[in-house]
Structure formats: C-alpha cells, structure tokens
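Inside the fold
Single-letter residue listing:
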Amino acid sequence: MKTLRPHAPALLAAALVTLVSWPVTGNLQPRLDLDGAWEIALRQALHDGLHFGPDLVFTYGPLGFLREPMLVYASTARLAFVYGLLVHFTLCATLIWGLRRALGSLLVASLVAVPLAAAMWQEPTLVIGFAAAVALAAGLARSRPAALIALGLGVLSGIELLSKLSTGVTLAGLGVVAVLAAPSPRPRPAAAFAAGLLGALAVGWLATGQSLGAIGDYLDGSFQIVSGYSAAMYFEDPAAAWELSAAFLLIAIGYAVAWRAGDLLTTRSRLGLLALWTVLAFTTFKAGFVRHDPVHSNILFASLLGGFVAFGWVPHRRASAWLIGALASTMLLASLGVTPASYVAPVARASDLVDQARLLADGRKTREAIDAARAARLPLDRIDPKLVAAARAGTVHVDPVEAGLVWVQHLRWRPLPVFQSYSAYTSRLDERNAAAVRSPSGPDRILREDGVYLDRGNPIRRPEIDEPATMRAMLCHFREQETIAPWMLIERTANRCGTARPLATSTARLGVPAPIPPAPDADSVVFVRIDGIDVSGLERLRTLVYRALPRAIEFDGGRSRRLLPGTAGDGLVLRVPKRADFPAPFALDQATNTLTITRALDRGEVRLRFFAMPIR
C-alpha cells in the first residue's frame, strides 16, 4: 500500500477518466450487420464446444469475445465487460502517465485523456503495450517494476493472440523488442515476459475448452488468414485518399521523436525505440490501409497518437508536445469524420457504463435483454419459417456470412471451418471448406442467402468466385431442398459427380476475352483453373508492405467480379447442366461464352486449364 500511495491521485484520475470516457455505448445488443453475425458466431462456437482450428478458422480466436461485451450469452458478456473495464482503466492510466510527463499537470493530462481514451476504441491494447514496451526499452522501469511490466505485457500479448491474431502478433513483437533493448540486466524482464505470454496462452486455450490436439490446425489456419489477407481483402474509400499522406507524415514524425528520445540512452535502447516504432507503424498501417475505411484507419491514427503519448517523457519544449498531439488528434478525428464533441460526453458515457454493469449483474434482466436482442435481429434475416423448420431436421451451415441466424433461430450449427466465406481466400482455406462439404461429418444442410456479400463496389465479390473448390463441392454433394427468396436450403446427398478430366488448355492475354470450350456432352460441368495470376515478383514486396493489385474476371465482357489470386487456381465453375444446377439466383452456371482476366497496371498472360466433370 505504501508503494501505491504516491500514485493515488493519478489512479483516482484514471478511474474518473475511465468512467466518463467509457467507449462501449448503447444496449450491448449485437450489431444488425455483417460484423454482428461473426461476433455472434464467436460466442456460439464457445457455447457449442467447437474447437478453433479444426472446426473454426477466423481472424479472431477463442478469446475473441473479450473484445466487446455483447448480449449473446450471459457468461461471455460478463467476462467481456470485466476485461473491457480493466483494459480501459489501464489505457486511461497509461494516457495520463504519458500526458502528465509531457504537459506537466495531472489536471490537464486528465482532461486531455478523456477524448483520447474515448477515441481509442479500436485497439486500446496496442497503446497500452507500446507504452509498456517503451518504458522497458528506455529503462524508465528497472529491477522489480521492469519485471512486472514485462509480465503484464506478456499476459496481454497471450490474451490478444487468442483474441485477435494481428493485435496479438503486434504486442508480442513489441515485447520481444522491448526486452532485447532494455538496459542490463535483461534476464529478469525477458523471463517475466515469456512466462506471462506462455501462461496466458495456456490458460486461455484450456479455459475455453480447446483441445491440445487442435493447436496445429489453429496455427495453420491462423497463418493462412494472415498470409492471404493483403492479397484478398483490399478496399479503398475514394473520399479518404488524403489519409495515406497523413499516415506517412505521422510515421515520419514518430521516427524523429523516437530518435530524439534516445539522446540520453544507450545505442541499444535508442535502436530499440526506433524498432518499437517500426513495429507499431508497420502493423497498424497494414491494419488501417489494406481495408481503407474509417473503421480501419482509426486503428492506425489512434495507435500512433497513443505512441506519441508514450514518448511523453522525452525532453522537449511543451509547445512541441501540444503541436504534435494536436496534429495527430486532428488527423484521427478527420479520418472518423466526427467532431471532438462526439467523444466528450461524460454524463452519457458514465451512464452507459453504470447501466451496463447493472444489467449484467441482474440475471433476469440479462436474460430478458438477450431475448430482446434475438427479436431485434429477426427482421434482418428475412427467412421464411418453413425453411427454418426444415433446417432444424439436422445440422446446418449458413452461407455466405449470416452465421447469427443459428443463434436467433436456435439451430444446430455445424459450420464450415471458414464460416465467413469471404475469408476463405487462400487455396488451403478454400480446400478446408471443400473437405468439410464433402465429409459425411460436415453439415447436413446449408442455408444460402442471396445478395449479402462483402464489398458491393465494382467489381463485386461473390462466393462462387471467392471459394470455387467449396462451391464445386456443394454442387456435387448437395441438392436443393427448397428456395424461398432470399434463401435457399440445400441438403446432403450422395456424390453426384464423376472424375474430372482435362478439356482444353490455352494462354490468354490479360484484358483480352478468351473463349470457353463447349462441354463434351449435356451431362458435364465445365470449370477452369487460372494460373499465373498469383502474387509474385515485385508485387510480393508491395503486398508485404501494403496490399496486392486488384484483379477481376469478366464474363462476356460485361459482368465483372473480383478475382482472388489465392483461389483462382481452385477450379471456377463456368457451365452446369440446368437440370443439375441450383435455381437462380444461386445457379453456378455463369451463362457465358468468354472470360476476361484483368490485373491493374499489367498486360501479361495467364494460363487457362479447362476441365470437364460428369454430373448426375
């Protein structure tokens, strides 16, 4: 207690800032959109005892539910609320620590921390982890305090590795750099960091009911998700083009600040600070600009602003701190398209925090709120009760994205591993889904919804193009049971496809229509494997630091669809006999005589390998 007494004013200030800047607003119901669907699914997976890795592959892991308290199941909502409260308090204390050193006043630091803490709602743990890493690398904490900070950073890294993979990787990278750059003696912080990381991983994995045998599949799936993201998930908001220059400016300023911070440090510590900034800038740039929209760019601008706060101990003129902070804050708010007043609502935010705590503490009110959340989502799905009743006859997968339907309608969920089709963007991931479709232990039925896809821009993404191996497996192993727009229910059947055989091979120039050979008979499916459109050469470097070039496929010179380099060679279905196809708008027959492959800024060639496959 004696050691905490000098810090009591700062801790009290952090508690007050936590109260008035609480970032979780609203009634804790799942969002009525695509994100709400997968957020429900993460919680459904734990409830149903599914194993991440063999049963489920996604950007988020078994602790993904901790990122937001959500009224899907009471237990996960309460755990997420407690974790979120602890993280937000730590964020507020971190901001006050850095701001007080930069601005010289606890009161001013606390006032400035209110809007900053509220705006850092996307990845608060990155700000916390970066500040801890800076404290270790710069020797601001020594001996026992350094070990405790390293332990905490390790625990946070382990939790986030099982929560959101990209965030966990960043935190782990920050931790490794910090303990290597820390002033001697280093063994104690290094050991503490490793113990915290491994301990959190072990406890989190086992506490969520995961199997030790699933670790290999989890690591493989996680690698596929990470490796294919930059080539498949690109998106650009034209109105936000200015943000790229703004990001480079802030990153450059950060390097100057990090270099200045090392003036009084050893060479190793100075290099460590530069390396820490590199880790933060690189990973948040990828997170913010592969999919460039206000939600994602907030990750970069908020994290970099938090990074500047972490350098608050650097000797400088106070005016410089205000100038840099104001510049970074302006860019953050401009990227979100809001005014500072949006994040300064102390009464409303404090009221939300108190109301949510009371709701989750009352079992009856929590159950009623969960029932209300289910009822609120019913109109979104627009599904006929007749299809729901038929789907209840067995296990079901919901395609392409509306996994929340399982929770709303109390269905028995047996998802394909990559349960959101837009994430099956590498050949390995596509094949894992296809294998689950073919397997008798896979879902008995699949509910497919029309008209709900990721990125409705031009060219549009559609599941039959994104995951061709999976779609072909559905065609062979499932038949339509009933279609009531906008849903189709298909049920498992005996394999109705024969062995595929080569039909023709041709070379096509990018941007030039290529003819599709006719089917050898009226009972054959024609599909194509597209070679030479993958990421290679200098584009690999571009994709590593930024994102891949756009690719598209056009049918008869008109309909344009996004083409993913990771799955283009998996066998895209082009022609299907009408009697064997699914009904429109779910038909896999592309009704085309030519296809045209395009890749931005490129006039090369691709190889088209056509195959014919008999179908009953």
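Description of the structure in this document. The model shown is predicted, which means the values in this text are computed figures rather than measured ones.

**Looking at unusual backbone geometry**
Residue Pro486 follows Ala485 across a cis peptide bond; omega there is 5°. Between Ala584 and the following residue, Pro585, the backbone shows a cis peptide bond with an omega angle of 5°. Turning to its location among the elements, Pro585 is positioned in the loop between β13 (572-575) and β14 (594-599). The phi angle at Arg382 is positive, at roughly 50°, despite the residue not being glycine. Residues other than glycine seldom take positive phi values, yet His410 does so here, at roughly 55°. Its place among the elements puts His410 in the loop between α17 (404-409) and β4 (412-413).

**Quick look at the nonpolar core**
For soluble globular proteins, nonpolar side chains are generally found buried alongside one another. Of all hydrophobic cores here, the largest spans 127 residues; its most connected members are Leu95, Leu273 and Phe311. Once you skip the residues sitting within four places of it in the chain, Leu95 turns out to touch Ala113, Leu116, Ala117, Met120, Val127 and Val309. Ala434, Ala436, Ile446 and Phe478 belong to the second-largest nonpolar core, a separate cluster that totals 26 residues.

**Some thoughts on the state of the cysteines**
Think of a disulfide as a covalent bridge from one cysteine sulfur atom to another cysteine sulfur atom. Applying the stated criterion to the full structure yields 1 disulfide. A disulfide bridge connects Cys476 with Cys497, and the sulfur atoms are separated by 2.1 Å. The S-S bond linking Cys476 to Cys497 shows a torsion near -90°; that makes this disulfide left-handed. Placement of the pair is Cys476 in helix α20 (residues 468-477) and Cys497 in the loop between β7 (487-492) and β8 (501-509), with a sequence separation of 21 residues.

**Considerations on a nonpolar patch on the surface**
On the surface, Leu206, Leu212, Ile215 and Leu219 cluster together into a nonpolar patch covering about 400 Å² of accessible area. Its location among the elements puts Leu206 in helix α8 (residues 187-207).

**Examining the environment of Leu32**
Its place among the elements puts Leu32 in the loop between α1 (8-20) and α2 (34-48). Assessed through its relative accessible area of 48%, Leu32 is described here as partly exposed. Along the sequence, Leu32 and Gly196 sit 164 residues apart, while their C-alpha atoms lie 37 Å from each other.

Parameters at a glance
- Residues numbered from 1 in each chain as written.
- Predicted model: local features only at pLDDT ≥ 70, side-chain atom pairs only at ≥ 80, totals over all residues.
- Heavy atoms only, no water.
- Helix = DSSP H or I, 4+ residues; strand = E, 2+ residues; numbered from the N terminus.
- Core = buried A, V, L, I, M, F, W, Y, C linked by side-chain atoms within 4.5 Å.
- Buried < 20%, exposed > 50% of the residue type's maximum accessible area, 1.4 Å probe, protein only.
- Contact = heavy atoms within 4.5 Å.
- Disulfide = S-S within 2.5 Å.
- Patch = residues over 30% accessible without salt bridge, like charges linked within 9 Å, V, L, I, M, F, W, Y side chains within 5 Å.
- Areas by Shrake-Rupley, 256 points an atom, 1.4 Å probe, with all protein chains shown as cover.
- Salt bridge = Lys/Arg side-chain N within 4 Å of Asp/Glu carboxyl O.

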